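Structure assessment
Spelled out, the chains give:
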Amino acid sequence: MTADGSRDSTGFEEFARVNQRRLYRTAYLLCGDAESARDLTQTTLAKLFQYWHRASRADDPAAYARTVLTRTYLAERRRRLRDFLAHSHVDAPPSVVGPELTVTLLTALSELPPRARAMVVLRYWEDLGVQTVAELLRCSESTVKSQCSRSLAALRARLGDRHLYTTHS
Amino acid sequence: MDIFPEGAPQESGARLVREAMAEAAEGAPPLPDLVPVALAEGRRRRTRARAAIGGTAAGVVVLGVLGATLPSWGTGTGTGGGAAQVGASAVPSMGHGTPSPTLTTPATGFPPPPSFTEPPRKPVHVEPTTGESSMADLPAAERARQEEFQQKAAVVLDELLPAAFGTVRPVDLAVSRYQGGSGGRVFPVVFSVRPTGDEPGSPTQEPCWYGPEKTYRCEKAALPGGITARTVTAVGSSKGGKSIVGVSVRFTFKDSTVVLSADGDDSAVVSAPVTVDQLLHVARDQRFLRLVRYAEAFPMEPGRESVHGG
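I will try to describe carefully the structure that is included in this document. (Residues numbered from 1 in each chain as written. Chains lettered and ligands numbered in written order. Predicted model: local features only at pLDDT ≥ 70, side-chain atom pairs only at ≥ 80, totals over all residues. Heavy atoms only, no water.)

Regarding the overall build of chain B
To be explicit about the condition: Secondary structure elements follow DSSP: runs of H or I no shorter than four residues count as helices, runs of E no shorter than two count as strands, and numbering proceeds from the N terminus. Burial classes: relative accessible area under 20% of the type maximum marks a residue as buried, over 50% as exposed, and values in between as partly exposed (1.4 Å probe, protein chains only). Should any heavy atoms of two residues lie within 4.5 Å, those residues are considered in contact. Using a 1.4 Å probe, accessible areas were evaluated by the Shrake-Rupley method; residue-level cover was limited to the displayed protein chains.
Along the backbone of chain B there are 6 helices and 8 strands. Shown N-terminal to C-terminal, the secondary structure of chain B runs as helices and strands in the order α-α-α-α-β-β-β-β-β-β-β-α-α-β. Expressed as a percentage of the 310 residues in chain B, the buried residues total 45%. Across chain B, contacts joining residues at least 24 apart in sequence account for 61% of those joining residues at least 6 apart. On chain B, roughly 15100 Å² of surface is accessible, and the fraction owed to carbon and sulfur atoms is 59%.

This is the structure in structure tokens:
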């Protein structure tokens, strides 16, 4: 990473190579399919490179990247909604593949609104605190708590039986 | 009082979700090295951003020079008169003066432009996402034609939409994209005239899809010329118990699908300040239909495609 914030791509490449896999996994949980996750990760990295002089100066560039990823995801969802309103031809989302628990989780996540989904992923996958999630999503801490509580209940209801089966059999 | 404490009762649920997420993330398909593509895309973004800044600066200089050298240009109708003339000359003419190359071929069906009494509206810049094209990618002549159309469409929409919508400006991402706004709020607008393409059937003749009554309403409405339009009122998203509602009108005009939609401000949690009836009023107006006729005769958008949801 370029400590002086120069536009040297070497520092960016080093950062991106180390962090792309982690970003991709978060994107996978947000998007629910590999193709969209790759696109989101790539867009995030491109935006980071565009503003690398700023990103490289951040206290925690990885957190900066996570913020870019989440906000890009939410912006993309808003754009899709506009397209839906405009053209209202929406193909079925790609079917989820993988082990049963993964399929159940990703299906349950897909039923959450985008912001609620982002909150859950940031809170329970990225292990961020309520305050950090609230700052990242520009909302109040009580909103994060209430949304996460509701989302967690919904996810638990979907995952519960499956989890008991896999852990106790 | 905190009615949603994150205490022990939730811990088992949180652990369950964490474990499931870890398993899902670990099982994600392999990732190719994205760095080279991201570098190329990032460089393109930098170039575009610089070009946008340069273009704005150049525009300011040109307007400044014109303003300085031609102080009495125009009819002098108030403060906007001179600026309106500069604006009209800065944008290639659609029907008078020097025609743009793509418009000269067939003169039939060439609609007269709506009256142009305002200065050009500075387009809103929206950065395209990966794989998305923008008007900046178009050949110069076609881009000029589409920008001119956008300017005229923005004026017509501005005149016909409710005042609460604020000033309507073009968005430089696509000819179909506009944006209204007032008081710091932003209301996205889509005005699209898209060739129906080879797909069988007309999309607007399909029956309404009925979603949950509280969040989605689809109805039919009559437009001039025996055209049947389909209107949709839909809740886009909800925050803090408030719903953000958007509206749209769709109809088929000759071989094109016409869509006019207005969306709410997601950040401000405000619905589009327009009803379906008000949007239909826009769609029935002859100034709007003139724009539709032009865009149908001289298409600016690619043929119909479906949109992936998810």
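Digging into the overall build of chain A
Check the secondary structure of chain A and you find 8 helices and 1 strand. Scanning chain A from its N terminus toward the C terminus, one meets helices and strands in the order α-α-α-α-β-α-α-α-α. Burial analysis of chain A (169 residues in total) assigns 56% to the buried set. Here chain A has roughly 7400 Å² of accessible surface; of this, 48% comes from carbon and sulfur atoms.

Details of the pairing of strand β2 (residues 177-182) of chain B
Residue and element names in this part refer to chain B. Selection criterion: Only strands joined by at least two bridges in the DSSP assignment are considered to pair.
For strand β1 (residues 169-170) and β2, the ladder comprises 2 bridges, and the chain directions are antiparallel. Residue pairing in the sheet places R169 in a bridge with Q179 of β2. Where β1 hands over to β2, the hairpin turn is made up of 6 residues, counted between the paired strands. Taken together, the 6 bridges between β2 and strand β3 (residues 185-195) define a ladder with antiparallel strand orientation. The residue of β3 that forms the bridge with S182 is R185.

Some thoughts on helix α2 (residues 34-50) of chain A
All names here are of chain A. Put simply, the test is: Expected span, for any helix, means 1.5 Å times one less than how many residues it has. Here a polar contact is taken to be a pair of N or O atoms separated by no more than 3.5 Å, where protein atoms must pair a possible hydrogen donor with a possible acceptor and residues adjacent in sequence count only if both atoms sit in side chains.
In a regular helix each residue adds 1.5 Å, so 17 residues correspond to 24 Å; α2 covers 24 Å between its end C-alpha atoms and thus fits that length. Extensive coverage of α2 is indicated by the burial of 13 of its 17 residues. For α2, the N-terminal cap is D33; the gap from its side-chain oxygen to the backbone nitrogen of E35 is 3.4 Å.

Structural notes on the packing of helix α4 (residues 140-160) of chain B against helix α6 (residues 286-297) of chain B
Residues and elements named next belong to chain B. Definition in use: Working convention: axes come from line fits to C-alpha atoms, limited for helices to the stretch in contact. Angles between N-to-C directions cover 0 to 180 degrees. Any angle from 65 to 115 degrees is called roughly perpendicular, while one under 35 is roughly parallel, one over 145 is roughly antiparallel, and all others are oblique. When the near helix sits turned anticlockwise from the far one by under a right angle, the crossing is termed left-handed; a clockwise turn instead gives a right-handed crossing. The classification used treats Ala, Val, Leu, Ile, Met, Phe, Trp, Tyr, Cys and Pro as nonpolar, Asp, Glu, Lys and Arg as charged, and all other residues, Gly among them, as polar.
Running from N to C, α4 and α6 cross one another at 160°; their axes reach a closest spacing of 9 Å. The orientation of α4 with respect to α6, classified from their angle, is roughly antiparallel. Remark: the crossing between α4 and α6 carries left-handed chirality. Within the contact between the two elements, α4 uses R145, F149, K152, A153, V156, L157, E159 and L160 and α6 uses R287, F288, L291, Y294 and A295. Class assignment of the residues belonging to the contact of α4 with α6 gives a composition of 9 nonpolar, no polar and 4 charged.

Digging into the packing of aromatic side chains
Convention followed: In this analysis, rings of Phe, Tyr and Trp, with Trp reduced to its six-membered ring, are considered paired at centre separations within 6.5 Å, and the interplanar angle assigns stacked below 30 degrees, edge-to-face beyond 60, and tilted for intermediate values. Definition used: whenever NZ (Lys) or CZ (Arg) falls within 6 Å of the ring centre and also within 35 degrees of the ring normal, the charge is taken to sit over that ring.
Taken as a whole, this structure holds 9 aromatic pairs over all chains when the rule is applied. Residues F12 of chain A and F49 of chain A carry aromatic rings whose centres are separated by 5.0 Å and whose planes lie at 50° to one another, so their mutual orientation is tilted. Taken together, the residues F12 of chain A in helix α1 (residues 9-31) and F49 of chain A in helix α2 connect sequence positions 37 residues apart. You'll find F12 of chain A and F49 of chain A in the same group, each marked buried. Between Y24 of chain A and Y28 of chain A, the aromatic rings sit 6.4 Å apart at their centres with planes inclined by 35°, giving tilted as the arrangement. Linking Y24 of chain A with Y28 of chain A, this pair stays in helix α1, spanning 4 residues, or about one helical turn. The rings of F149, F191, F288, Y294 and F298 of chain B are connected pair by pair, giving a single aromatic cluster. Between R46 of chain B and the ring centre of F49 of chain A, over which it is positioned, the NZ or CZ distance is 4.0 Å.

Considering the nonpolar core
Across soluble globular proteins, nonpolar side chains show a tendency to be buried alongside one another. The line we're drawing: Among buried residues, the Ala, Val, Leu, Ile, Met, Phe, Trp, Tyr and Cys ones that are joined through side-chain atoms within 4.5 Å form a nonpolar core.
L29 of chain A together with M21 of chain B are the most contacted members of the largest nonpolar core, which totals 61 residues. Ranked by the residues each element gives to this core, the list is headed by α1 of chain A, at 10 residues. Leaving out residues up to four positions away in the same chain, M21 of chain B has contacts with L29, L105, L109, V120, V121, Y124 and W125 of chain A.

Topic: the environment of T132 of chain A
All names here are of chain A. Counting through the fold element by element, T132 comes out in helix α7 (residues 130-137). Since its relative accessible area comes to 36%, T132 is described here as partly exposed. The sequence separation of T132 and L122 amounts to 10 residues, and the corresponding C-alpha distance is 9.1 Å.

Observations concerning the side chain of D33 of chain A
Residue and element names in this part refer to chain A. Defined as follows: Neither His nor the chain termini are counted; the positive set is Lys and Arg, and the negative set is Asp and Glu. The term salt bridge refers to a pairing of a side-chain nitrogen on Lys or Arg with a carboxyl oxygen on Asp or Glu at a separation within 4 Å.
In this structure, D33 sits in the loop between α1 and α2. An unpaired buried charge is present at D33: no salt bridge exists, and R77, the closest side chain of opposite charge, is 5.8 Å distant. Within the structure, D33 has its side chain in polar contact with the backbone nitrogen of E35 (distance 3.4 Å).

Describing the packing of helix α6 (residues 114-125) of chain A against α7 of chain A
Residue and element names in this part refer to chain A. At a minimum axis distance of 10 Å, the contact between α6 and α7 shows a crossing angle of 140°. Relative to α7, α6 is oriented oblique. Between α6 and α7 lies a crossing whose hand is right-handed. Facing R115, M119, L122 and R123 of α6, the residues of α7 in contact are V130, V133, L136 and L137. Split into classes, the residues belonging to the contact of α6 with α7 amount to 6 nonpolar, no polar and 2 charged.

Geometric descriptors of this kind do not, in isolation, establish any biological role.
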